[in-house]
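# Structural overview for review
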Amino acid sequence: MVFLYQEYSQQGQVAESVIRGKSLSLNETEEINEYIKIFRDYGCTKHHEVNEIIARNRLWNNFKTIRSLNDHGEFKEIEGIQPQYFEIVCNILKISGDKGLPLDGYKKY
């Protein structure tokens, strides 16, 4: 999904990313930066930990551009982020999706 992602500033913010040859919007960039900030500030090692922090603190409205309801088969409509943004976050943090259930589908909300 993500063909290019190389720029990452020393302040730990996304300088510019490209999805399918198209630069990210300002909203996408800001929301990804905030997601990564939560990941780092809380010492998270997995995406679901960030998603749980966001849900617990009722912050999903801060992520209107990148959020989605994800379907992992057994668990439908789990709050998270869209696959293309998940991929960018994994690339920036140099992590993998771990061994969770594969994503069967998602919908923006």
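Here the structure is shown first, and the text comes after it.
This section reports on the structure supplied with the text. Given the structure is predicted, the values throughout are model-derived calculations rather than measurements. (Residues numbered from 1 in each chain as written. Predicted model: local features only at pLDDT ≥ 70, side-chain atom pairs only at ≥ 80, totals over all residues. Heavy atoms only, no water.)

### A look at the environment of Ile 36
Along the chain, Ile 36 falls in helix 1 (residues 26-41). Relative accessible area serves as the criterion here: at 0%, Ile 36 is assigned to the buried category. Taking the C-alpha atoms as reference points, Ile 36 and Ile 92, separated by 56 residues in sequence, lie 8.6 Å from one another. (Helix = DSSP H or I, 4+ residues; strand = E, 2+ residues; numbered from the N terminus. Buried < 20%, exposed > 50% of the residue type's maximum accessible area, 1.4 Å probe, protein only.)

### Details of the sheet that holds strand 4 (residues 67-71)
The sheet built from 3 strands is open, its strands ordered 5-4-6 with antiparallel pairing. For this open sheet the edge positions go to strand 5 (78-81) and strand 6 (105-107), each flanked by a neighbour on one side alone. Neighbour to neighbour, the strand axes of the sheet diverge by 45° on average, direction disregarded. With 4 bridges joining them, strand 4 and strand 5 adopt antiparallel strand pairing. In the sheet register, Asn 70 faces strand 5, and the bridge partner there is Ile 78. Each of strand 5 and strand 6 touches helix 3 (residues 83-93); the most contacted strand, strand 5, lies at about 60° to it. (Pairing = 2+ DSSP bridges. Axes fitted to C-alpha atoms, helices over the stretch in contact; angles between N-to-C directions. Contact = heavy atoms within 4.5 Å.)

### Re the packing of aromatic side chains
Scanning all chains against the criterion turns up 2 aromatic pairs. A ring pair is formed by Tyr 35 and Phe 63, whose centres lie 6.3 Å apart and whose planes are at 85°; its orientation type is edge-to-face. With Tyr 35 in helix 1 and Phe 63 in the loop between helix 2 (47-56) and strand 4, the pair connects residues that are 28 residues apart, well separated along the chain. Here Tyr 35 falls in the buried class, since its relative accessible area comes to 0%. Residue classification places Phe 63 among the buried positions, given a relative accessible area of 1%. Seen from their ring centres, Trp 60 and Phe 63 are 5.9 Å apart, and the 70° between their planes marks the pair as edge-to-face. Both residues of the pair, Trp 60 and Phe 63, belong to the buried class. By the ring-pair criterion, three or more aromatic residues cluster together here, those being Tyr 35, Trp 60 and Phe 63. (Phe/Tyr/Trp six-rings, centres within 6.5 Å; stacked < 30°, edge-to-face > 60°.)

### Points about unusual backbone geometry
Even without glycine at this site, Glu 77 takes up a positive phi of about 60°. Within the element layout of this structure, Glu 77 appears in the loop between strand 4 and strand 5. Judged by its relative accessible area of 44%, Glu 77 is partly exposed. Despite not being glycine, Lys 94 has its phi angle at roughly 55°, a positive value. Among the secondary structure elements, Lys 94 is positioned in the loop between helix 3 and strand 6. The class for Lys 94 is exposed, based on a relative accessible area of 73%.

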